[in-house]
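The primary structure of each chain is shown beneath.
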Amino acid sequence: MFDIGVNLTSSQFAKDRDEVVARAFAAGVNGMLLTGTNLHESQQALKLAQHYPHCWSTAGVHPHNSSQWQSSTEDEIIALANQSKVVAIGECGLDFNRNFSTPQEQERAFEAQLRIAAELQMPIFMHCRDAHARFLTLLEPWLDSLPGAVLHCFTGSRQEMQDCVDRGLYIGITGWVCDERRGMELRELLPFIPVERLLIETDAPYLLPRDLMPKPASRRNEPAHLPHILERIAHWRGEDPQWLSATIDANVRTLFEVAF
């Protein structure tokens, strides 16, 4: 099973990164996509992807970091994207929940990265929180030019999910769905996500599944917890976990064109 969202550059992994990766593969993870959320982390994610087998990375600027976008940023992202281990542009998109960067800054950086992805014919790895309508408005003009797109860490409504699927997006599901406080709406819409549009991720070190037993001593999430997330998703969808894992892996190969 392939984890499409691992923030392996996080300082939370600084002391035991090798062990974290080893635990993931020992648990049954067969590949990971390492997330770049700003220029520096995209560079670091690429270095890690080059270092560890069966790992690839993204190159982009998260909406939180959109205020950092400059004309030179585009050239740097393109240079990273030309490396064979970089397989998607992003993480990019809109986040109107916290507005660490202004909406205007977010939109400028998002549109620039949509243009890069279209020009380079690379899939785009996206984030959207509390910005669904504006997100679709900016995305739609580019959809015919993009080879593929995923909305990672999806936590929206069933209608928002349907809007995305209708436009050909893949939907990334995390351990949020294991949260009995916040994840119930997401859990209930799981059966309605077409399996050919479903991807899974941990978003480690964030979003530790709350229903892990025994509960880990640390609240840090790890890609080794991906099999638990897959098993719970399969249970709530009423599907065989092995079949679902193989199907999702096929989706990963289709979207990112990676061999693992």
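Quick caveat, the model's predicted, so the values are computed rather than measured.

Draft legend 1. Expanded view of the overall build of the protein chain. Along the protein chain, the regular secondary structure elements total nine helices and eight strands. Here the protein chain has a C-alpha radius of gyration of 17 Å; the compact-globule value for 260 residues is 18 Å, and the two agree. Long-range pairs, those at least 24 residues apart, make up 71% of the contacts in the protein chain with a sequence separation of at least 6. When the accessible surface of the protein chain is split by element, carbon and sulfur atoms take 47% of a total near 11000 Å². Separation between the mean location of the 23 positive side-chain charges and that of the 34 negative ones in the protein chain comes to 6 Å.

Draft legend 2. Region of the structure containing the packing of aromatic side chains. A full pass over the atoms with the stated rule returns three aromatic pairs. On the basis of an interplanar angle of 50° and a centroid distance of 4.8 Å, the ring pair of Phe-2 and Phe-260 is categorised as tilted. Of this pair, Phe-2 sits in strand E1 (residues 2-6) while Phe-260 sits in the segment after helix H9 (241-256), and the two are 258 residues apart along the sequence. Ring centres of Phe-110 and Phe-135 lie 5.6 Å apart, and the angle between their planes is 5°; on these two criteria the pair is classed as stacked. In this pair, Phe-110 sits in helix H4 (residues 103-120) while Phe-135 sits in helix H5 (residues 132-139), placing the two residues 25 residues apart along the sequence. This pair shows no difference in class: Phe-110 is buried, exactly as Phe-135 is. Joined through ring pairs, the aromatic side chains of Phe-2, Trp-56 and Phe-260 make up one cluster.

Draft legend 3. Inspection of the sheet that holds strand E7 (residues 170-173) at higher detail. Taken in spatial order, the eight strands line up as E1-E2-E3-E4-E5-E6-E7-E8 in an open sheet, and their pairing is parallel. At either end of the open sheet lies a strand with only one pairing partner, and these are E1 and strand E8 (198-200). Averaged over neighbouring strand pairs, the angle between their axes works out to 30° when direction is ignored. Pairing analysis gives three bridges linking strand E3 (residues 55-59) to strand E4 (residues 86-95), with the strands arranged parallel. Bridging from a neighbouring strand, Thr-58 pairs with Ala-88 of E4. Against the sheet, helix H8 (residues 226-237) contacts E1, E7 and E8, and its axis sits at roughly 145° relative to E8. Most of the contacts of H9 go to E8, to which it runs at about 100°, and overall it touches E1, strand E2 (31-34), E4, strand E6 (149-151), E7 and E8.

Draft legend 4. Just the pairing of E2, in detail. Residues Gly-31 and Leu-33 of E2 are buried on one face, and the alternating residues Met-32 and Leu-34, pointing to the opposite face, are buried as well. Relative to E2, E1 is paired through three bridges, and the arrangement is parallel. By the bridge assignment for E2, Asp-3 is matched with Met-32. Pairing analysis gives three bridges linking E2 to E3, with the strands arranged parallel.

Draft legend 5. Layout of the state of the cysteines. Inspection of every chain in the model, using the stated rule, returns zero disulfides. Unpaired in terms of disulfides, Cys-153 finds its nearest cysteine sulfur in Cys-128, a separation of 11 Å. With no disulfide partner, Cys-178 has as its closest neighbouring cysteine sulfur the one in Cys-153, 12 Å distant. A relative accessible area of 1% places Cys-178 in the buried class.

Draft legend 6. Looking closely at the pattern of salt bridges. Under the defined criterion, the tally for this structure stands at 14 salt bridges. The partner of Arg-167 in a salt bridge is Glu-140, with the nearest N and O atoms 2.6 Å apart. Of this pair, Arg-167 sits in the loop between helix H6 (158-166) and E7 while Glu-140 sits in the loop between H5 and E6, and the two are 27 residues apart along the sequence. With a relative accessible area of 30%, Arg-167 lands in the partly exposed category. Judged by relative accessible area, Glu-140 falls into the partly exposed class, the value being 37%. One salt bridge in this structure joins Arg-237 and Glu-239, with 2.8 Å as the shortest N-O distance. Here Arg-237 falls in the buried class, since its relative accessible area comes to 11%.

Draft legend 7. The arrangement of the nonpolar core in detail. By size, the foremost hydrophobic cluster in this structure holds 86 residues, and its most contacted members are Met-126, Phe-135, Ile-173 and Phe-256. With residues up to four places along the chain from it excluded, the contact list for Ile-173 reads Phe-154, Leu-186, Leu-190, Ile-193, Leu-198, Leu-199, Ile-200, Glu-201, Ile-229 and Ile-233.

About the criteria used
- Residues numbered from 1 in each chain as written.
- Predicted model: local features only at pLDDT ≥ 70, side-chain atom pairs only at ≥ 80, totals over all residues.
- Heavy atoms only, no water.
- Helix = DSSP H or I, 4+ residues; strand = E, 2+ residues; numbered from the N terminus.
- Rg over C-alpha atoms; globule rule 2.2 N^0.38 Å.
- Contact = heavy atoms within 4.5 Å.
- Areas by Shrake-Rupley, 256 points an atom, 1.4 Å probe, with all protein chains shown as cover.
- Lys, Arg positive; Asp, Glu negative; His and termini not counted.
- Charge placed at Lys NZ, Arg CZ, Asp CG, Glu CD.
- Phe/Tyr/Trp six-rings, centres within 6.5 Å; stacked < 30°, edge-to-face > 60°.
- Buried < 20%, exposed > 50% of the residue type's maximum accessible area, 1.4 Å probe, protein only.
- Pairing = 2+ DSSP bridges.
- Axes fitted to C-alpha atoms, helices over the stretch in contact; angles between N-to-C directions.
- Disulfide = S-S within 2.5 Å.
- Salt bridge = Lys/Arg side-chain N within 4 Å of Asp/Glu carboxyl O.
- Core = buried A, V, L, I, M, F, W, Y, C linked by side-chain atoms within 4.5 Å.

In short, the description is geometric, and any link to function would need to be established separately.
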